[in-house]
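# Remarks on the overall topology
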There are 2 protein chains.
Amino acid sequence: MNTPDVLNVGHDCGACPIRHRAVCARCEADELQKLEQIKYYRSYQAGQTVIWSGDKMDFVASVVTGIATLTQTMEDGRRQMVGLLLPSDFVGRPGRQAAAYDVTATTDLVMCCFRKKPFEEMMSKTPHIAQRLLEMTLDELDAAREWMLLLGRKTAREKIASLLAIIARRDAHLNLKAAQGSIVFDLPLTREEMADYLGLTLETVSRQVSALKRDGVIALEGKRHIVVPDFDRLLEETGDDSDGGMLV
Amino acid sequence: MNTPDVLNVGHDCGACPIRHRAVCARCEADELQKLEQIKYYRSYQAGQTVIWSGDKMDFVASVVTGIATLTQTMEDGRRQMVGLLLPSDFVGRPGRQAAAYDVTATTDLVMCCFRKKPFEEMMSKTPHIAQRLLEMTLDELDAAREWMLLLGRKTAREKIASLLAIIARRDAHLNLKAAQGSIVFDLPLTREEMADYLGLTLETVSRQVSALKRDGVIALEGKRHIVVPDFDRLLEETGDDSDGGMLV
DNA sequence: TCTGCGCTTTGACCTACATCAAACTGAAAG
DNA sequence: CTTTCAGTTTGATGTAGGTCAAAGCGCAGA
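Here's a quick rundown of the structure.

About the criteria used
- Residues numbered from 1 in each chain as written.
- Chains lettered and ligands numbered in written order.
- Predicted model: local features only at pLDDT ≥ 70, side-chain atom pairs only at ≥ 80, totals over all residues.
- Heavy atoms only, no water.
- Phe/Tyr/Trp six-rings, centres within 6.5 Å; stacked < 30°, edge-to-face > 60°.
- Buried < 20%, exposed > 50% of the residue type's maximum accessible area, 1.4 Å probe, protein only.
- Pairing = 2+ DSSP bridges.
- Helix = DSSP H or I, 4+ residues; strand = E, 2+ residues; numbered from the N terminus.
- Contact = heavy atoms within 4.5 Å.
- Axes fitted to C-alpha atoms, helices over the stretch in contact; angles between N-to-C directions.
- Parallel < 35°, antiparallel > 145°, perpendicular 65-115°, else oblique.
- Least-squares fit on C-alpha atoms with pLDDT ≥ 70 in both.
- Nonpolar A, V, L, I, M, F, W, Y, C, P; charged D, E, K, R; others polar.
- Buried area = accessible area lost by both parts, 1.4 Å probe.
- Salt bridge = Lys/Arg side-chain N within 4 Å of Asp/Glu carboxyl O.
- Polar contact = N/O pair within 3.5 Å; in protein donor to acceptor, adjacent residues only side chain to side chain.
- Near = heavy atom within 4 Å.

## Topic: the packing of aromatic side chains
Each aromatic ring pair is specified by the distance between its two centres and by the angle formed by the two planes. Overall, the coordinates contain 6 aromatic pairs over all chains when judged by the stated rule. Summarising the aromatic geometry, the rings of F114 of chain B and F119 of chain B are spaced 5.4 Å apart at their centres and angled 45° between planes, so their arrangement reads as tilted. For the residue pair F114 of chain B and F119 of chain B, the accessibility class agrees, reading buried in each case. Three or more aromatic residues link up through ring pairs in this structure, and these residues are F90, F114 and F119 of chain A.

Here it is as structure tokens:
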């Protein structure tokens, strides 16, 4: 009856993040089993659309590898990205029929899906899944609100710096390459995607990236490969409080 | 053992919204009892700060009457409102020690509070509370994302129209005064608060409100009392899709 | 090797909104 | 009734970022 606490131990129990994250030792083994039974994988190529806003969406899913974006589009074509889905992030809303946003793969993407019906049934029987989902949703809500500050009040330069800092931080975290403040990573977004995320035009993004380069805050190798020689210097450019707002 | 399903029946079982919303017939009567025991009320005057960002927050709460705002402030004073709390909305995050935002009463305000510890304990024992909270959080996330589109891509006029539409819609809902499209309500926000919500300056807000008045989209009586003669006309000004995006 | 095609950069110009400043309004206090 | 003061309106001017246009830069395919 006792499954290992995969949440803390973090050992390999399959490729699907939700298994790591939503299930823990306190859950019964047969619930794990059920999750296993209803899950399946889907792959997408970079640029492919996973689902269009308004389409029927009969599954929920989490990202296994790659990056996906959530975007909203106005009738006249103005676009705003409202979410960036990184590995282990969750998409889809239990209880909702149709997708609320366009979901697009910006890199090659693998998602771990669960058909909605059985997932919902399981959720109502397995309290810890709802609790884990709540936690993740609250994290996303915080991220969205941080982004509201960015969109509403930051300058173009601060916006770019903030985005770079987020991606850099995440990559540093994954690669543990945060050696004495220097971080190297590949931008997973085009200038246009960055613009859609930041509420700018692609020209302004290009100009500000050039400006940051000119000022020595970042260095470019090619268009996409970025070197941040001094992460603290980059952080100064974001306009955020220096003490990174570490809340628990 | 059977309590009435207050969620659906909606009869009066006390002033506290979370009682209506988080507890339902499927919950045990003694859980209701416990919720009852750990809750208490707090009142604030218009303009008072409920809690400052970073302060220790040892409770979670829901709004009973009045309006509160969540705002973020940058070091140099730039401010962005990231949430508007209306009656029945929830503040506070189970598991977090410190407040992430300034919470301010913009009108006289009554909140129903729960000390965090016992609330968390109860949540872990009463699955439906976590599920209800998840639903509410997902709603907030959707609202935040809609706001991201507004902040990133809408013009000042569209921003104002959108905000008025939200408040008008809500008031129409409460008062059932949506008689043939004409809606009347009081603005609960100052020009400056509107500006902080919309990512504008108060002067621009004032100018655009005047413009909407000049163009007959709205009428003003005094500074705060607003008449929307034709709600559909107002909606046209928001830039949103005409079919209101009704997702379930 | 050349060609075409995304993606990006850069420049010249324009405009929506910000900034600065002054006057107005109305309610509360004396 | 006058004063005061927070909130608001309106005007004049400045500017960050948008728009339009033209090159530049790989890279895949022929």
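## What about the sheet that holds strand β1 (residues 39–44) of chain A?
All names here are of chain A. Read from one edge to the other, the open sheet built from 4 strands follows the order β1-β8-β3-β6, with strand pairing classed as antiparallel. In this open sheet, the two edge strands, each paired with only one partner strand, are β1 and β6 (90–91). As paired strands, strand β3 (residues 59–65) and β6 are joined by 2 bridges and run antiparallel to one another. By the bridge assignment for β6, A61 is matched with V91. With respect to the sheet, helix α4 (residues 116–125) is in contact with β3, β6 and β8 (109–115), its orientation differing from that of β8 by roughly 65°.

## Points about the packing of helix α4 (residues 116–125) of chain B against helix α5 (residues 127–153) of chain B
Residues and elements named next belong to chain B. Axis separation between α4 and α5 bottoms out at 5 Å; the angle between their running directions is 100°. Taken as axis vectors, α4 and α5 run roughly perpendicular relative to one another. Only P127, I129, A130 and L133 of α5 make contact with α4, whose side of the interface consists of F119, M122, M123 and K125.

## Focus: unusual backbone geometry
Residue and element names in this part refer to chain A. With phi around 90°, S88 is a residue other than glycine that occupies positive phi space. Take S88: it is sitting in the loop between β5 (79–85) and β6. Since its relative accessible area comes to 15%, S88 is described here as buried.

## Some thoughts on the sheet that holds strand β1 (residues 39–44) of chain B
Residues and elements named next belong to chain B. Taken in spatial order, the 4 strands make up an open sheet running β1-β8-β3-β6, and their pairing is antiparallel. Of all the strands in the sheet, the pair left with one neighbour each is β1 and β6 (90–91). Here 6 bridges tie β1 to strand β8 (residues 109–115), and the two strands are oriented antiparallel to one another. Residue pairing in the sheet places R42 in a bridge with M111 of β8. Along the sheet, α4 makes contact with β3 (59–65), β6 and β8, crossing β8 at roughly 65°.

## Overview of the relation of the copies chain A and chain B
Overlaying chain A on chain B yields an RMSD of 0.0 Å, the required transformation being a rotation through 180° with an accompanying axial translation of 0.0 Å. Both copies are brought into coincidence by an operation consistent with a two-fold rotation axis. Both copies present the same face, since 100% of the interface residues in chain A are matched by interface residues at the equivalent positions in chain B.

## Here we look at the packing of helix α7 (residues 191–198) of chain A against helix α8 (residues 202–214) of chain A
All names here are of chain A. Direction vectors running N to C along α7 and α8 enclose 100°, while the axes themselves pass 8 Å from each other. As summarised for this structure, α7 and α8 are arranged roughly perpendicular, according to the angle between their axes. Contacts between α7 and α8 involve R191, E192, M194 and A195 from the former and L202, V205, S206 and V209 from the latter. Split into classes, the residues belonging to the contact of α7 with α8 amount to 5 nonpolar, 1 polar and 2 charged.

## Here we look at the interface of chain A and chain B
Taken together, the contact pairs 54 residues of chain A with 54 residues of chain B. A combined buried area of about 4,800 Å² lies between chain A and chain B, and 57% of that area is made up of carbon and sulfur atoms. It is R145, M148 and R153 of chain A in chain A that bury the most area against chain B; as a group they hold 17% of the surface buried on that side. Here chain A and chain B share 12 salt bridges between them. Here R153 of chain B makes a salt bridge to D196 of chain A, at a shortest N to O gap of 3.2 Å. Where chain A touches chain B, the interface holds 26 residue pairs in polar contact (both at pLDDT 80 or more). Here the residues of the side of chain A that touches chain B sort into 25 nonpolar, 12 polar and 17 charged.

## Considering the protein's contact with DNA strand C
In the neighbourhood of DNA strand C, 17 residues make up the surrounding shell, with R191 and S206 of chain A together with A156, T204 and R207 of chain B lying closest. Each atom of DNA strand C within 4 Å of the protein was assigned to sugar, phosphate or base; sugar and phosphate come to 62%. Contact distances for DNA strand C include 2.9 Å between a phosphate oxygen and a side-chain N or O atom of S210 of chain A. The backbone of A156 of chain B places a nitrogen or oxygen atom 2.8 Å from a phosphate oxygen of DNA strand C. Those elements that place two or more of their residues in the surface near DNA strand C are α8 of chain A together with α8 (202–214) of chain B. Among the elements that line the surface near DNA strand C, the one with the most residues is α8 of chain A, at 5 residues. Across the surface near DNA strand C, the residue classes tally to 3 nonpolar, 7 polar and 7 charged.

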